Amino acid sequence: MVSEAEALEALTQVIDPELGVDIVNLGLIYEVQVFEDGSSILAIMTLTTPSCPLSESMPRAAENVLLSLPGVKAAKVELVWSPPWDPSMISPVGRMQLSGGR
Amino acid sequence: MSLSMGGGTAKRPAFALPFSFLIFGLINFLLFNAAFGLGLPSFTVAWMHNPSALLTTHLFTLGFVTSIIMGALYQLVPVILETTLWSTRLGFAHLALYVTGVAILLPAFKAFAALWLVGGGSLVLLSVILFLVNMGMTIKNARRWHHGAYFLLCSLFYLAIVAFLGLVLSFNLEYGFLGSSYRGHLVMHVVVGFGGWFTLTILGVAYRLIPMFTLSHHQPGRYTWAVLTLTNLAIGGLIFNLHGSDSPLIRAGFMAIGLIGILIFFYEMVQVIRKRIRSDLDLSVRFAAVAAFWILTALTLALLLILGPAQWSTPARVVGMLYAMAVGWVAPMIIGHLYKIFPFLLWTEKYAPKVGKEKVPLLREMFDTGLAVRILGILTAGTILVVTGLWGTWLPLAIAGSWLNMVASLLFGWGIATIFRR
C-alpha cells in the first residue's frame, strides 16, 4: 500500500521546466491524501502564480506520476489558489537548487 | 514534431498561430539587418521619402516587431488574464491578412508604388482590426485585472492609431492631401508606434514576466501607475504639440516626462532583480539590462536633436537615434523574451504531455545559453558602432556595425532553429 510519504516522494519527479526544481521542494504541493488501501490518491497543489503558463501541464504531470505508483488505480490533482503561493514556501533544498547548488 | 492547426486548450491557442507569427517575424529581422547594411549610405543623405529607408523601417516595425508581439500576445494574453482566447479562427484570418498585407507593402515601399502601398496598407489595417477585436473580446472576459492588463489596453489603442496613420500616409503618397502637415503626421506615426505600441507592450509584458521568472519577493505595484501615466502623458503631449505650436521646448519637455516614466520602470525592475530568489540572471533580464542603456541613450539623443543647434540634426544623426531606439531598445527586449517564448511553445507542444511519464528537458536545456550571451555581446557591439558612426559622421564604422548585427541576427536565427531540431 502506497503511503503519503511515498506519494510525496514520487511527486519530486515532476520538475518545473522553467525553474528546474521539483514541485514538492518548490512548496507547490499543499496536501496528499491516500484512500482505499492505497488505490486512490488526492493531491492538492498550487502554482507559483495564477498566470503560470504551465497551469495545465503540471497538475497533469502530477497525476501521471501518482498513477504510476504500484497499486494506485485512481489519482486526482486539485489546483487551488488559496493560500496563494509565495517564495517563502520553497524548501531549503529548493532554495539551494535555485541558488546554483545542484 | 507536428504542428497542430486546431487543438490548443482552454488557455493555450493552437501552436501554429503564435508560431507562424514568430517565424515570420524572425525572417523579417534577418531581412531588416541586411537591408539596413545595404541602404545605410543612402539613409545618411535623406531618410524621409527614401524608398530604401521606408522598406528597411517597415521590415523592422511591421515585419519583425509587430509580428513577434502579435504572436507572443496570442500566447501570453489568455494566460496572463486567466481567460481563453476568444477566437482561434479569427486569429488565423488575422495571420493570413497580415502576412499578405506586409508582403505587398514591403516591396511597394521599395518601388514607391503608391497604389500597392494603399492596397497592402489596407490589408494590414484590416488584419489589425481583426486582431484588436480578438484581443478586445479576450480581455473583456478576463478573470483577473492587474497593471499589466492596463498597459496592454493602452498599447492596443496605440496600435489602432499607428495602423490607421500608416494607411493615411500611404494614401497621401498617391493623393498628396496632407500637404505640409505630412511631416507632422509621419512623426506622429513614429511616436505612436515606438512609444505607444512597442514600448507600452514591452513594459506591460516585462512587468508581468520578469518578477515571475526571477521569483522575486518584490512585486511591482507602487509606481506602476506613475509609469503608465507618465508614458501616456509623454505620447499624448508629443502628439498634441505636433498639431499645435510644435515648440521644441514643449517637445523636449514631454520627452523628459517619458524619460522619467522609463527611469521609474527601471528602478522597479532593479528592485525586483535585487530581491530575487533565483541566483542566475535570466537571459531576458540580461537582454533587458542592455536595452535599458539604449532607451536612455536614444531618449538623450532625441533631446539633443530637439534642443541642440539646427545643424546637429542631420539625417545621419536622426537615423542613429532611431537605430538606438529600434535595435538598441526594442530588439533586445524582444529577443530576450523570445528565448523564453520559443522554447516554451515547443515544450508545451512536444513535452508537456510526457511530463511525469518520462524525462523531459528543462526550458534552458533546449537552447545554447552561451551562444545567446555571445549574440547579445555582438548585437551590443554592432549597435555601438552604428550609433557612434552615424553621430560621429564616420560611415564605414556604422556600416561595420550593421554587418556585425547581421551576424548577430543570423546566429540568433540559427539558435532558434536548433531549438526546433530537437
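Residues numbered from 1 in each chain as written. Chains lettered and ligands numbered in written order. Predicted model: local features only at pLDDT ≥ 70, side-chain atom pairs only at ≥ 80, totals over all residues. Heavy atoms only, no water.

Peer 1: Looking at this structure, how should I read the overall build of chain B?
Peer 2: From N to C terminus, chain B includes 12 helices and zero strands. With the C-alpha coordinates aligned to their principal axes, the bounding extent of chain B is approximately 65 × 45 × 40 Å. Split into buried and exposed, the 422 residues of chain B put 60% on the buried side. Taking the intrachain contacts of chain B between residues at least 6 apart in sequence as the baseline, contacts between residues at least 24 apart amount to 80%. (Helix = DSSP H or I, 4+ residues; strand = E, 2+ residues; numbered from the N terminus. Buried < 20%, exposed > 50% of the residue type's maximum accessible area, 1.4 Å probe, protein only. Contact = heavy atoms within 4.5 Å.)

Peer 1: Even after reading the chapter, I still don't get a nonpolar patch on the surface, so can you show me in this structure?
Peer 2: Residues and elements named next belong to chain B. A cluster of nonpolar side chains, contributed by Trp-86, Leu-126, Ile-129 and Val-133, occupies part of the molecular surface with about 360 Å² of accessible area. As for its position among the elements, Leu-126 is in helix H4 (residues 114-140). Residue Leu-126 is classed as partly exposed on the basis of its relative accessible area of 41%. (Patch = residues over 30% accessible without salt bridge, like charges linked within 9 Å, V, L, I, M, F, W, Y side chains within 5 Å. Areas by Shrake-Rupley, 256 points an atom, 1.4 Å probe, with all protein chains shown as cover. Salt bridge = Lys/Arg side-chain N within 4 Å of Asp/Glu carboxyl O.)

Peer 1: Explanation requested: the nonpolar core in the structure shown.
Peer 2: Among the nonpolar cores identified, the biggest contains 185 residues, and Phe60(B), Trp329(B) and Trp347(B) are the most heavily contacted of them. With 24 residues, the top contributor of residues to this core is helix H10 (residues 315-351) of chain B. In contact with Trp347(B), other than residues within four places in its own chain, are Pro17(A), Leu54(A), Ser57(A), Met58(A), Ala352(B), Val355(B), Val360(B), Pro361(B), Leu363(B) and Met366(B). Among the nonpolar cores identified, the runner-up in size contains five residues, and Val168(B), Leu178(B), Tyr182(B) and Leu186(B) belong to it. (Core = buried A, V, L, I, M, F, W, Y, C linked by side-chain atoms within 4.5 Å.)

Peer 1: For this particular structure, what's the right way to read H10(B)?
Peer 2: The α-helix advances 3.6 residues per turn, and as a result positions three or four apart in sequence lie on the same side. Residues and elements named next belong to chain B. Taking 1.5 Å of rise per residue, the 37 residues of H10 would be expected to cover 54 Å, and the 50 Å separating its terminal C-alpha atoms lies within 8% of that figure. At Ala-331, H10 shows its maximal kink, close to 35°; a proline, Pro-332, follows between one and four residues later. For H10, a buried count of 34 out of 37 residues is recorded, marking the element as mostly surrounded by other parts of the structure. (Expected span 1.5 Å × (residues − 1). Bend = angle between axes of the 7 residues up to and from the residue.)

Peer 1: Just to check I follow, could you spell out the sheet that holds strand E3 (residues 74-79) of chain A for this structure?
Peer 2: Strand pairing within a sheet occurs via backbone hydrogen bonds; the two strands may be parallel or antiparallel. Residue and element names in this part refer to chain A. If you trace the three strands from one edge of the open sheet to the other, you get E1-E2-E3, paired in mixed fashion. The sheet is open, and its two borders are formed by strand E1 (29-35) and E3, each paired with just one other strand. Taking the axes of each pair of neighbouring strands and ignoring which way they run, one obtains an average angle of 15° across the sheet. Across six bridges, the pairing between E1 and strand E2 (residues 40-45) is antiparallel. Paired with Val-34 across the strands is Ile-41, a residue of E2. Along the sheet face, helix H1 (residues 4-11) touches E1 and E2 and points at about 130° away from the line of E1. The strands that helix H2 (residues 57-67) touches are E2 and E3; relative to E3, the one it contacts most, it runs at about 155°. (Pairing = 2+ DSSP bridges. Axes fitted to C-alpha atoms, helices over the stretch in contact; angles between N-to-C directions.)

Peer 1: I would appreciate a short explanation of the confidence of the model for chain A in the present structure.
Peer 2: On average, residues of chain A score 89 in pLDDT, and 96% of them reach the 70 mark or higher. For chain A, the element scoring lowest by mean pLDDT is helix H3 (residues 92-98) of chain A, at 89; E2(A) scores highest, at 95. (pLDDT = per-residue confidence, 0-100.)

Peer 1: Can you help me understand the packing of aromatic side chains in this one?
Peer 2: Residue and element names in this part refer to chain B. In total, this model carries 26 aromatic pairs over all chains according to the counting rule given. Both rings, one in Phe-266 and one in Trp-329, keep their centres 6.1 Å apart while their planes meet at 80°; by these two values the pair is edge-to-face. Of this pair, Phe-266 sits in helix H8 (residues 248-274) while Trp-329 sits in helix H10, placing them 63 residues apart in sequence. Trp-329 shares its class with Phe-266; the two are buried. Ring centres of Tyr-339 and Phe-412 lie 5.4 Å apart, and the angle between their planes is 70°; this geometry places the pair in the edge-to-face category. (Phe/Tyr/Trp six-rings, centres within 6.5 Å; stacked < 30°, edge-to-face > 60°.)

Peer 1: What's the story with unusual backbone geometry in this structure? I'm lost.
Peer 2: Negative phi characterises most residues that are not glycine, and trans characterises most peptide bonds. A cis amide bond links Ser82(A) to the next residue, Pro83(A), at an omega of 0°. Among the secondary structure elements, Pro83(A) is positioned in the loop between E3 and H3. Positive phi is not limited to glycine here, since Phe112(B) has a value of about 55°. Locating Phe112(B) in the fold gives a position in the loop between helix H3 (88-111) and H4.

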